[in-house]
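If you want the building blocks of each chain, they are given just below.
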Amino acid sequence: METGEVWKYHMRLRVYRTERSFGPGVSTLMRLVEEKGSLSAACKEMGMAYSKAWKIVKAAEADLGFALMEGSSGGESGGKTVLTEKGKDFLERYLRFEAEVQQKADEVFERYFGAGEDRK
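Quick notes on the rules
Residue numbers restart at each chain and count upward from 1, following the sequence in its written direction. Since the coordinates come from a predicted model, pLDDT governs what is reported: local features require at least 70, and pairs of side-chain atoms require 80 or more to be given and counted, while whole-chain, interface and lining totals use all residues. Side-chain numbers come from the whole structure's heavy atoms, not from hydrogens or water. Axis geometry follows a simple rule: fit a line to the C-alpha atoms, using only the stretch in contact for helices, then measure angles between N-to-C directions, giving values from 0 to 180 degrees. The helix count covers DSSP runs of H or I at least four residues long, the strand count covers runs of E at least two residues long, and both are numbered beginning at the N terminus. Orientation is classified from the angle alone, with under 35 degrees giving roughly parallel, over 145 giving roughly antiparallel, 65 to 115 giving roughly perpendicular, and any other angle giving oblique. Take the far helix as your reference; a near helix turned counterclockwise from it by less than a right angle gives a left-handed crossing, and one turned clockwise gives a right-handed crossing. Residue contacts follow a heavy-atom distance rule, with two residues in contact if any of their heavy atoms lie within 4.5 Å. Side-chain classes are defined by residue name, with Ala, Val, Leu, Ile, Met, Phe, Trp, Tyr, Cys and Pro counting as nonpolar, Asp, Glu, Lys and Arg as charged, and the others, Gly among them, as polar. For every residue, the accessible area (1.4 Å probe, protein chains only) is compared with the maximum for its type, and the residue is labelled buried under 20%, exposed over 50%, or partly exposed between those bounds. What is meant by a nonpolar core is a set of buried Ala, Val, Leu, Ile, Met, Phe, Trp, Tyr and Cys residues, joined one to another through side-chain atoms within 4.5 Å. Stacked, edge-to-face and tilted are the three classes for Phe, Tyr and Trp ring pairs, Trp counted by its six-membered ring, which pair at centre distances within 6.5 Å; planes under 30 degrees apart are stacked, over 60 edge-to-face, the rest tilted. Two joining distances apply to patches: 9 Å for like charges and 5 Å for nonpolar side chains (Val, Leu, Ile, Met, Phe, Trp, Tyr), and every residue must have over 30% relative accessible area and no salt bridge. Calculation of accessible area relied on Shrake-Rupley with a 1.4 Å probe; when residues are assessed, cover is drawn exclusively from the protein chains displayed. Only one rule defines a salt bridge in this text: a Lys or Arg side-chain nitrogen within 4 Å of an Asp or Glu carboxyl oxygen. For the purpose of charge, His is not counted, nor are the chain termini; Lys and Arg are scored as positive and Asp and Glu as negative. In this description, the location of a charge corresponds to atom NZ of lysine, CZ of arginine, CG of aspartate or CD of glutamate.

*Asks:* Tell me about the packing of helix α1 (residues 24-36) against helix α4 (residues 85-113), and name the residues and values.
*Replies:* At a minimum axis distance of 11 Å, the contact between α1 and α4 shows a crossing angle of 125°. Taken together, the axes of α1 and α4 are oblique relative to one another. Judged by the twist between their axes, the crossing of α1 over α4 is left-handed. The residues of α4 that touch α1, namely those facing Pro24, Ser27, Met30, Arg31 and Glu34, are Gly87, Lys88, Leu91, Tyr94 and Leu95. Residues belonging to the contact of α1 with α4 are distributed by class as follows: five nonpolar, two polar and three charged.

Set out below in structure tokens:
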């Protein structure tokens, strides 16, 4: 490794029953729905097709066994989407879990890979 280069790592954390359906993508979508009040606006922010977002949310809901979001469609002022109470609770727990796992992973990564030096 060249001087000044630093080792990095990447981790994707998912929570599921049988299908790997709830992870960073769905959690980001949910946070944006909560912020923007609409699944359509969240999709635009992420650069994701509405149909894809709908599909991944429905897959996560089917695997988890409860609704993550609920909404009303269209009309003059457009639709509105909100997180369900179970969805909010699940998202909050996932985000806390993700932060704690990331902190522990950073500690373990540092132990094995240090500040970029080669380790045996």
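*Asks:* If you had to explain the packing of α1 against helix α2 (residues 39-46) to someone new, which residues and values would you point to?
*Replies:* To characterise two packed helices, one gives the angle between the axes of the helices and the distance between these axes. Running from N to C, α1 and α2 cross one another at 125°; their axes reach a closest spacing of 8 Å. When the axes of α1 and α2 are compared, the pair comes out oblique. For the pair α1 and α2, the sense of crossing is right-handed. Here α1 contributes Gly25, Thr28, Leu29, Leu32, Val33 and Lys36 to the contact with α2, which in turn contributes Leu39, Ala41, Ala42, Cys43, Glu45 and Met46. For the contact of α1 with α2, the per-class residue count stands at eight nonpolar, two polar and two charged.

*Asks:* Describe the environment of arginine 14, with residues and values.
*Replies:* Following the sequence through the fold, arginine 14 ends up in the segment before α1. Judged by its relative accessible area of 31%, arginine 14 is partly exposed. When neighbours within four sequence positions are excluded, arginine 14 is seen to be in contact with Arg20, Phe22 and Gly23.

*Asks:* Could you give an account of the nonpolar core, naming the residues involved and the relevant values?
*Replies:* Formed by 22 residues in total, the largest nonpolar core has its most connected members in Phe22, Leu29, Met30, Leu39, Leu68 and Met69. It is α1 that provides the largest number of residues to this core, a total of five residues. Discounting residues that sit within four places of it in the chain, methionine 30 has contacts with Phe22, Leu68, Met69, Leu83, Gly87 and Leu91.

*Asks:* Kindly report on the packing of aromatic side chains, identifying the contributing residues and their values.
*Replies:* Aromatic rings considered in pairs are described by the distance between their centres and by the relative angle of their planes. Applying the stated criterion across every chain yields a total of six aromatic pairs. Measuring from ring centre to ring centre gives 6.0 Å for tryptophan 7 and phenylalanine 113, while their planes differ by 50°; the resulting arrangement is tilted. One end of the pair, tryptophan 7, is in the segment before α1; the other, phenylalanine 113, is in helix α4, with 106 residues separating them in the sequence. Ring centres 4.9 Å apart and planes at 90° place the aromatic pair phenylalanine 22 and phenylalanine 90 in the edge-to-face group. Here phenylalanine 90 lies in helix α4 and phenylalanine 22 lies in the segment before α1, a separation of 68 residues in the sequence.

*Asks:* Help me get a handle on a negative patch on the surface, residues and values and all.
*Replies:* A grouping of Glu34, Glu70, Glu85 and Glu92 is seen on the molecular surface, where their side chains present a negatively charged patch. Given a relative accessible area of 45%, glutamate 34 falls into the partly exposed group.

*Asks:* Explain the pattern of salt bridges to me, and be specific about the residues and the numbers.
*Replies:* By the definition in use, this model includes four salt bridges. Salt-bridge contacts for glutamate 35 lead to lysine 36; the nearest nitrogen and oxygen are separated by 3.7 Å. For aspartate 89, the salt bridge goes to arginine 93, with nearest N and O atoms at 3.0 Å. Of this pair, aspartate 89 and arginine 93 are both found in helix α4, four residues apart, which corresponds to roughly one turn of the helix. The partly exposed category is assigned to aspartate 89, whose relative accessible area is 37%. Counted as one network, the salt bridges with shared partners bring together Glu35, Lys36 and Glu45.

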